[in-house]
Amino acid sequence: SGINAEYGGKNTKPVQICVTCFEDFSSVNGSFHNISTSAHCAEKLLDSDNAMVIRRLWDSYRNMWSSALCDTCSGLTENRTHEFSNKTDEVLLCFNEHIQHPHMICIECSEKYDALLNLFKSLQSAGYACADLADSMNSTARMWSVDYGCGHPPVEYLPVLAMTAAMSFIPFSFYLALWKFPTCGPS
């Protein structure tokens, strides 16, 4: 979408294969289907050379389309794609609004970022995270965590260190007790 380019920064250019090429891919897919179902056309165009260049190229394009899960985005006509795009735009706009005070981005944009991340996770678990959405989320997540240093608060190491010290003290106290009271039986 337009705001992605405007606010996404020069280093974040999300892939737009599925959204941008959906109509063209559908058109080529229909044409290939028509050619392959016509015996005369298939023989002349698809099977006329030993290398089967057209068929192999088409298989390569179709595999790329499938592996990018482009059918799950279905262009920009699907509500889930629109919703994800809108939430991404909201997060990027929030980043841009607070760019003068980057330390405020983590606070002010947290709710919007969490909503985007939760939406992406739900789309991903339902099998609807095409390459466009995944790349957009990766770019936004990189900005959130790397560029602005946001994320989950760091783990406090004090409780871990206290537990380690306490567990290390147990063998020491055991050996001290054996040294202090070497005999425990009847004399």
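These numbers come from a predicted model, not from an experiment. (Residues numbered from 1 in each chain as written. Predicted model: local features only at pLDDT ≥ 70, side-chain atom pairs only at ≥ 80, totals over all residues. Heavy atoms only, no water.)

Colleague: Could you clarify how one ought to interpret the packing of helix 5 (residues 79-97) against helix 8 (residues 131-147) in this entry?
Modeller: Helix 8 packs onto helix 5 with a crossing angle of 20° between their chain directions and a minimal axis gap of 11 Å. Taken together, the axes of helix 5 and helix 8 lie roughly parallel to each other. The element helix 5 and its partner helix 8 pack so that their crossing is left-handed. From helix 5, Thr81, Phe84, Thr88, Val91, Leu92 and Phe95 reach across to helix 8, where they touch Leu133, Ser136, Met137, Thr140, Met143 and Trp144. Per-class residue counts for the contact of helix 5 with helix 8 are eight nonpolar, four polar and no charged. (Axes fitted to C-alpha atoms, helices over the stretch in contact; angles between N-to-C directions. Helix = DSSP H or I, 4+ residues; strand = E, 2+ residues; numbered from the N terminus. Parallel < 35°, antiparallel > 145°, perpendicular 65-115°, else oblique. Left-handed = near helix turned anticlockwise from the far one by under 90°. Contact = heavy atoms within 4.5 Å. Nonpolar A, V, L, I, M, F, W, Y, C, P; charged D, E, K, R; others polar.)

Colleague: What is the right way to read the confidence of the model for the protein chain from this model?
Modeller: Close inspection of predicted coordinates is inappropriate in any region flagged by low pLDDT. For the protein chain, the mean per-residue pLDDT works out to 78, and 79% of the residues sit at or above 70. Below a pLDDT of 50 lies the segment residues 1-12, which in the model reaches 19 contacts outside its immediate sequence neighbourhood of four places, other chains included. (pLDDT = per-residue confidence, 0-100.)

Colleague: I keep staring at the pattern of salt bridges and nothing clicks. Help me out?
Modeller: Pairing of side chains with opposite charge becomes possible as their charged atoms draw close. Under the defined criterion, the tally for this structure stands at two salt bridges. The partner of Arg62 in a salt bridge is Asp59, with the nearest N and O atoms 2.8 Å apart. Taken together, the residues span about one helical turn, with Arg62 and Asp59 both in helix 4 (residues 53-67) at a distance of three residues. Looking at Arg62, the relative accessible area reads 35%, which means it is partly exposed. Linking Asp147 and Arg142 is a salt bridge whose minimum nitrogen-to-oxygen distance equals 2.9 Å. (Salt bridge = Lys/Arg side-chain N within 4 Å of Asp/Glu carboxyl O. Buried < 20%, exposed > 50% of the residue type's maximum accessible area, 1.4 Å probe, protein only.)

Colleague: Looking at this structure, how should I read the packing of aromatic side chains?
Modeller: Both the distance between ring centres and the angle between the ring planes are used here to describe each pair of aromatic rings. On inspection of all chains with the given rule, the structure shows eight aromatic pairs. Among the aromatic residues, ring-to-ring pairing joins Phe22, Phe25, Phe32, Trp58 and Trp65 into one connected group. (Phe/Tyr/Trp six-rings, centres within 6.5 Å; stacked < 30°, edge-to-face > 60°.)

Colleague: Please explain the state of the cysteines as it appears in this structure.
Modeller: Two cysteines joined by a covalent bond between their sulfur atoms form a disulfide. Summed over the entire model, instances satisfying the criterion amount to three disulfides. Here Cys94 connects covalently by a disulfide to Cys109, the sulfurs 2.0 Å from one another. On the S-S bond that ties Cys94 to Cys109, the torsion sits near -95°, and the link is left-handed. Linking Cys94 in helix 5 with Cys109 in the loop between helix 6 (105-108) and helix 7 (110-125), this pair joins segments that are 15 residues apart in sequence. For Cys94, a relative accessible area of 2% translates into the label buried. What pairs with Cys106 in a disulfide is Cys150, and their sulfur atoms sit 1.9 Å apart. In this structure, the disulfide formed by Cys106 and Cys150 twists by about -90° around the S-S bond and is classed as left-handed. (Disulfide = S-S within 2.5 Å.)

Colleague: I would appreciate a short explanation of the nonpolar core in the present structure.
Modeller: Side chains of a nonpolar character, in soluble globular proteins, are inclined to be buried together. Residues Phe84, Phe95, Ile105, Leu133 and Trp144 are the most contacted members of the largest nonpolar core, which totals 30 residues. Among the secondary structure elements, those contributing two or more residues to this core are helix 2 (17-37), helix 3 (39-46), helix 4, helix 5, helix 7 and helix 8. The residues contacting Phe84, other than those within four sequence positions of it, are Leu116, Leu119, Phe120, Leu123, Leu133, Ser136 and Met137. (Core = buried A, V, L, I, M, F, W, Y, C linked by side-chain atoms within 4.5 Å.)

Colleague: Looking at this structure, how should I read helix 4?
Modeller: Each full turn of the α-helix corresponds to 3.6 residues, which orients residues three or four apart in the same direction. With 15 residues, helix 4 extends 21 Å between its outermost C-alpha atoms, agreeing within 8% with the 21 Å of an ideal straight helix rising 1.5 Å per residue. Leu69 lies just past helix 4 and shows a positive phi near 55°. (Expected span 1.5 Å × (residues − 1).)

Colleague: What is the right way to look at helix 8 in this model?
Modeller: End to end, helix 8 covers 22 Å across 17 residues, agreeing with the expected 24 Å (1.5 Å per residue, within 8%). For helix 8, the complete set of buried residues consists of Asp132, Leu133, Ser136, Met137, Ser139, Thr140, Met143 and Trp144. End-on, the buried residues of helix 8 take up no more than an arc of 160°, which puts them together on one face. Helix 8 presents Asn138 and Val146 as exposed residues on the side facing more than 90 degrees away from its buried surface. Directly after helix 8, the chain includes Gly149, whose backbone phi takes a positive value near 65°. (Arc of directions from axis to C-beta.)

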